[in-house]
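Examination of the molecular architecture
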Amino acid sequence: MPRSIAAAARILWEYHLVYDELVPSDLIIGLGSYDLRVADRCAQLFRLGLAPSILFTGRAGNWTQGLYPSSEAEAFAARAEALGVPSDCILVEPHATNIGENIRFARSMSPGVARVIIITKPQTQRRALATVKAQWPEISALVSAPLTPFEQQPTANYPLDMLIAEMVGDIRRIIDYPALGFQIPQAVPDEVLRACDHLVAHGHDGHLHAKL
């Protein structure tokens, strides 16, 4: 990969990270995806006593069709159970197909909670944060992810080119979605915009028009 592409991708990666400081909460919400490490992180936080239960949400999106024998949420729940989380501490929402639905459907299943911890892929933390603040404004939400470095985020099913395209597409959504009411507005530094334009110019535009 050309050095300029790698440098631009790392700029987007750093921008998308949030990693709030976590405190005890009412519920951990794991957003379904190709990345089972999200379920691992949810199970770890549960074992640390940061919340009494986990809600996994997700059916299948553009990039997980056929990846699991069931929904993303059910696959994540099975992983968490295998890691020692009791089944009666796990809730499953198997219908959401994007982050907006993840948040809305989780909200409808969580009456009375005051604070949640949202766990997603590292590169979707900022978008998850912006979404929950727009679509679940009354909740206190902390956003985090597996502690995966950039070099280790690609997987066999989701290689580096797809990761870069996803990060590029999410910059466009961060810019466009506030006007649609999907997310709160967020500042996008000029350095990030230039890096995004550089990646698009070199063909990393596969997520620009996908429904995510």
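A brief look at the structure comes next. Remember, predicted model here, so these are calculated numbers, not experimental data. (Residues numbered from 1 in each chain as written. Predicted model: local features only at pLDDT ≥ 70, side-chain atom pairs only at ≥ 80, totals over all residues. Heavy atoms only, no water.)

Time to look at the packing of helix 1 (residues 3-16) against helix 7 (residues 190-201). Direction vectors running N to C along helix 1 and helix 7 enclose 135°, while the axes themselves pass 9 Å from each other. Relative to helix 7, the element helix 1 is oriented oblique. Between helix 1 and helix 7 lies a crossing whose hand is left-handed. Each of S4, I5, A8, A9, I11, L12 and Y15 in helix 1 lies in contact with helix 7, whose residues at this interface are E191, V192, A195, C196, H198 and L199. (Axes fitted to C-alpha atoms, helices over the stretch in contact; angles between N-to-C directions. Helix = DSSP H or I, 4+ residues; strand = E, 2+ residues; numbered from the N terminus. Parallel < 35°, antiparallel > 145°, perpendicular 65-115°, else oblique. Left-handed = near helix turned anticlockwise from the far one by under 90°. Contact = heavy atoms within 4.5 Å.)

Moving on: the packing of aromatic side chains. On inspection of all chains with the given rule, the structure shows 5 aromatic pairs. Relative to Y158, the ring of Y34 has its centre 3.9 Å away and its plane inclined at 10°; by these criteria the two rings are stacked. With Y34 in the loop between strand 1 (27-31) and helix 2 (37-47) and Y158 in the loop between strand 5 (140-144) and helix 6 (160-176), this residue pair connects regions lying 124 residues apart in the sequence. Taking the centre distance of 5.0 Å and the plane angle of 85° together, the rings of Y177 and F182 count as edge-to-face. By relative accessible area, Y177 is classed as buried at 17%. We classify F182 as partly exposed; its relative accessible area is 36%. The structure contains a cluster of three or more aromatic residues connected by ring pairs, namely F56, Y68 and F76. (Phe/Tyr/Trp six-rings, centres within 6.5 Å; stacked < 30°, edge-to-face > 60°. Buried < 20%, exposed > 50% of the residue type's maximum accessible area, 1.4 Å probe, protein only.)

Angle between the axes and distance between the axes: these two values describe a pair of packed helices. Axis separation between helix 4 (residues 99-108) and helix 5 (residues 125-135) bottoms out at 9 Å; the angle between their running directions is 45°. Here helix 4 is positioned oblique relative to helix 5, judged by the angle of their axes. In the crossing of helix 4 with helix 5, the sense of the turn from one axis to the other is right-handed. Where helix 4 abuts helix 5, its residues I99, G100, I103, R104 and R107 lie against R127, A128, T131, V132 and Q135. Tallied by class, residues from the contact of helix 4 with helix 5 come to 4 nonpolar, 3 polar and 3 charged. (Nonpolar A, V, L, I, M, F, W, Y, C, P; charged D, E, K, R; others polar.)

As a further point, take the nonpolar core. Of all hydrophobic cores here, the largest spans 23 residues; its most connected members are I28, C42, I54, F56, V85, I117 and I119. Contributing elements (two or more residues each) for this core: helix 2, strand 2 (54-57), helix 3 (72-82) and strand 4 (115-119). Ranked by residue count, the leading element in this core is helix 2, at 6 residues. (Core = buried A, V, L, I, M, F, W, Y, C linked by side-chain atoms within 4.5 Å.)

Take the side chain of Q123 next. Within the secondary structure layout, Q123 lies in the loop between strand 4 and helix 5. Within polar-contact distance, the side chain of Q123 engages the side chain of Q153 at 3.5 Å. Not counting the four nearest positions on each side in its chain, Q123 is found in contact with W13, H16, Y34, Q153, L163, E166, M167 and D170. (Polar contact = N/O pair within 3.5 Å; in protein donor to acceptor, adjacent residues only side chain to side chain.)

Let's shift gears to the sheet that holds strand 2. Think of a sheet as strands paired side by side through backbone hydrogen bonds, with each pair either parallel or antiparallel. Taken together, the 5 strands give an open sheet; going across it, the order is 3-2-1-4-5, and neighbouring strands pair in parallel fashion. The sheet is open, and its two edges are formed by strand 3 (90-93) and strand 5, each paired on a single side. The sheet shows a mean angle of 20° between the axes of neighbouring strands, direction not considered. Sheet topology note: the strand 1/strand 4 ladder contains 4 bridges and is parallel. Within strand 4, the position partnered with G30 by the bridge is I119. With respect to the sheet, helix 2 is in contact with strand 1, strand 2, strand 4 and strand 5, its orientation differing from that of strand 1 by roughly 170°. Relative to strand 1, helix 4 is tilted by about 155°, and along the sheet it contacts strand 1, strand 2, strand 3 and strand 4. (Pairing = 2+ DSSP bridges.)

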